[in-house]
Amino acid sequence: MIATILIFPLISIILMAIFKNKKFDNLMLNACGIVHFICTLFLVFTNNCANTSYFGVDDTNKIFLLILSFVFMLVVFYNNGYVKNFKLPQEQIRNYCFMTIIFVLSMTGTLLSTNLGISWILIEATTLSSAYLIYFNKTKNAIEAAWKYVFICSIGIALAFVGIILLNISTESINSLNFNVLYTHAATFNPFWLKLAFTFMLFGFGAKMGLAPIHFWLPDAHSESPSPISALLSATLLNSAFLVIIRIFKIMEIAHVTDYARLMLLIMGFVSIFVTAVFIYHIKNYKRMLAYSSIENMGILAIGTALGGSAILAVVLHLIGHSLAKASFFLTSGNVLELFETKRIKSIKGLSIADGKTAWLWILSFLAICAFPTSLLFVSEFIIIKNMIMNEQYILCVIFVLLLTIIIYGMGKVVMKMAYGELSEDKKELVELNREKLSAWMYIPQIILILLVFILGVYIPPFLSEIINKAVIGF
Amino acid sequence: MEKAFIILFGLTMLYFASTSRIISHIRLLVGQGILLFLIACYSFGHLSLLDSMFLTAETLIAKTIIIPWFLYKVLRRTRSNRDVSPTIPHFYCLLISSLVLLAGFLVANYWITPLKMISPLHFGVAFATIIISLWLITIKHHIISNVIGFITMENGIFLLSLSIAKEMPILVNLGVLLDVFIAVYILGLFVNVINKEFNDLDVSHLSELKD
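Cut-offs and rules
- Residues numbered from 1 in each chain as written.
- Chains lettered and ligands numbered in written order.
- Predicted model: local features only at pLDDT ≥ 70, side-chain atom pairs only at ≥ 80, totals over all residues.
- Heavy atoms only, no water.
- Axes fitted to C-alpha atoms, helices over the stretch in contact; angles between N-to-C directions.
- Helix = DSSP H or I, 4+ residues; strand = E, 2+ residues; numbered from the N terminus.
- Parallel < 35°, antiparallel > 145°, perpendicular 65-115°, else oblique.
- Contact = heavy atoms within 4.5 Å.
- Nonpolar A, V, L, I, M, F, W, Y, C, P; charged D, E, K, R; others polar.
- Polar contact = N/O pair within 3.5 Å; in protein donor to acceptor, adjacent residues only side chain to side chain.
- Disulfide = S-S within 2.5 Å.
- Buried < 20%, exposed > 50% of the residue type's maximum accessible area, 1.4 Å probe, protein only.
- Expected span 1.5 Å × (residues − 1).

### Re the packing of helix α3 (residues 49-78) of chain B against helix α6 (residues 143-163) of chain B
Residue and element names in this part refer to chain B.
Here is step 1: Between α3 and α6, whose axes approach to 12 Å, the crossing angle comes to 175°. With respect to α6, the axis of α3 lies roughly antiparallel. Contact with α3, carried on its side by Leu55, Glu58, Thr59, Lys63, Ile67, Leu71, Val74, Leu75 and Thr78, involves Ile144, Val147, Ile148, Ile151, Glu154, Asn155, Phe158 and Leu162 of α6 and no other residues of that element.
Here is step 2: Here the residues of the contact of α3 with α6 sort into eleven nonpolar, three polar and three charged.

### Quick look at the interface of chain B and chain A
Here is step 1: Contacts between chain B and chain A engage 42 residues on the former and 50 residues on the latter.
Here is step 2: Here chain B is connected to chain A by zero residue pairs in polar contact (both at pLDDT 80 or more).
Here is step 3: Among the elements of the structure, α5 (120-139), α6 and α7 (169-198) of chain B are those that each provide at least two residues to the side of chain B that touches chain A.
Here is step 4: Its residues placed into classes, the side of chain B that touches chain A shows 30 nonpolar, six polar and six charged.

### Quick look at the state of the cysteines
Residue and element names in this part refer to chain A.
Here is step 1: Inspection of every chain in the model, using the stated rule, returns zero disulfides over all chains.
Here is step 2: For the unlinked cysteine Cys370, the closest cysteine sulfur is that of Cys397, found at 18 Å.
Here is step 3: Taking the relative accessible area as the measure of exposure, Cys370 reaches 13% and is therefore buried.

### Quick word on helix α2 (residues 22-45) of chain A
Here is step 1: Over its 24 residues, α2(A) runs 35 Å from end to end, which matches the ideal 34 Å to within 8%, given 1.5 Å per residue.
Here is step 2: Residue A:Asn21 occupies the N-cap position of α2(A), its side-chain oxygen lying 2.8 Å from the main-chain nitrogen of A:Lys23.

### Things to note about the environment of A:Ile283
Here is step 1: With respect to the helices and strands, the residue A:Ile283 is situated in the loop between α11 (258-280) and α12 (286-307).
Here is step 2: The exposure class assigned to A:Ile283 is buried, which follows from its relative accessible area of 9%.
Here is step 3: Sequence spacing of A:Ile283 and A:Met411 is 128 residues, and the spatial spacing of their C-alpha atoms is 8.9 Å.
Here is step 4: If we skip the residues at most four places from it in the chain, A:Ile283 touches A:Arg288, A:Met289, A:Tyr292, A:Ile345, A:Val414 and B:Asp211.

Structure (structure tokens):
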């Protein structure tokens, strides 16, 4: 199954290059999404998957894989409606499909890899493939965003490599980058070099995860890329980098140098939330607002990991909730962009008049992401706050809640302003014309995602609960 | 002799900090490539033939010829030679870089306990190079200068990985991948695209996206 999940995308790329047919390209992209999901179900829910020497499933990466696969499948479905509105040469659309498949393939590889070196290479591959997708619209802003993305992430990747070298120095006699080997011998590693290695790797992979203060590429890249790609970047790419950080954190845990690692994660987590709270207050572009929200949620994941204990369950739940809700939010932002042809918040009013369904999705996505009960994010954030109170970290708790409140206010203000109000005359004509561009494909994925976020907040089915519990132990 | 090469490599970073002509930076990249090859020669005895060949190809062909040649071509095409308006006067650049290099030597020699085969010199120079490069990236305004800063940082990382090449050659090969990544992507695609779109390679044009 691991071979299928990794090889099928390659075969579909080759077939696309041979046939060069518009309908076939789209068909293959859909096939990739569905096959990826089926393979994932097999890998996650059956125990007889043969792990290869460099790739494998374990308790930790199962949940990540499930999220990636599910979001990818729904994004591909959304894409069916989205691609129809492209007024571009067929060659460019084929490149878009190519790169999307390669992007998801490299993320899948990152999640499945059992070797730090392979993870590092594949994280680099995600930069390569997604940079093209960010630059897809070929506007000046898109070039700027892609350049910043490539440059900052390359520096991050280079720093992560320094971290890998330092990790190797700390291991003394073990010359392997296999995670299991590293876990087994972690207790013997030199703490000084290990701490230094963790710092570099946290900054390196943290740049890719979007943790402040190395998040500068994120708002630009997320706002300039096509909406389905923004959804993939936010809901899956950031998670891939997070998984690598989790694995390195586990090495620190086994080596008994967690105090340092926890402090680093806690600082970066709070700085991320702080940065979001500062910037989201005067935000002018709604896609950038969603990007900042991703930085905030990555910060919450870092804080949860740093707190440990029961907060780890919150991290897993938050991971699921954020990916589903944010994918829905970004996909809906694609609908808004199609309707109004602008990303400026000032220019948009009366979304509920322009298109009721999009307006509902817009508001529900906001409620899901701002942890309105029964959203899954409500449960996760509640557990984190409870954990802080139980550990008597009252000051942290107050700062955490205060910053989250500012962010919710900032976002809520924008979402409500866009959703309600009167539609101006000049916009009415534009919206009438553009409404026909939105097909059923561009609503159904978000409905499924939002329904899931709100249902999982009150009921987690036993099969998923088992995966979550295993992930909590595996973290 | 290996130590002399490493010290020379460290000194090239001071030259980087004290000049603003991009063409001399490119020449210096060639010099760094040759120095890295000479340093790498010392680990050949411990490596397999394939790894040694890989290292030679990487240092002599990629680092010394292809990347500088590519940069030179871009420079010719864009007709830009001097890095306009550096933020800090050269004297201070030189001073700060020297201090970082000195700190690298001191920290590596007196503060940390070296493990494995790493000599303090290797470690100190490599780290100072990485830090000076990162700092130079932040104060330069020209995209080619930024790319050169990135490449020198990568050279520093390569030097660090060479120090453990004997035990784990795979790490050096990973470092090579990083090089290919820069050469193909950053130089090949983006610098050309940016130049075509903006008719200039000044980073200040790339500041539209902000909050």
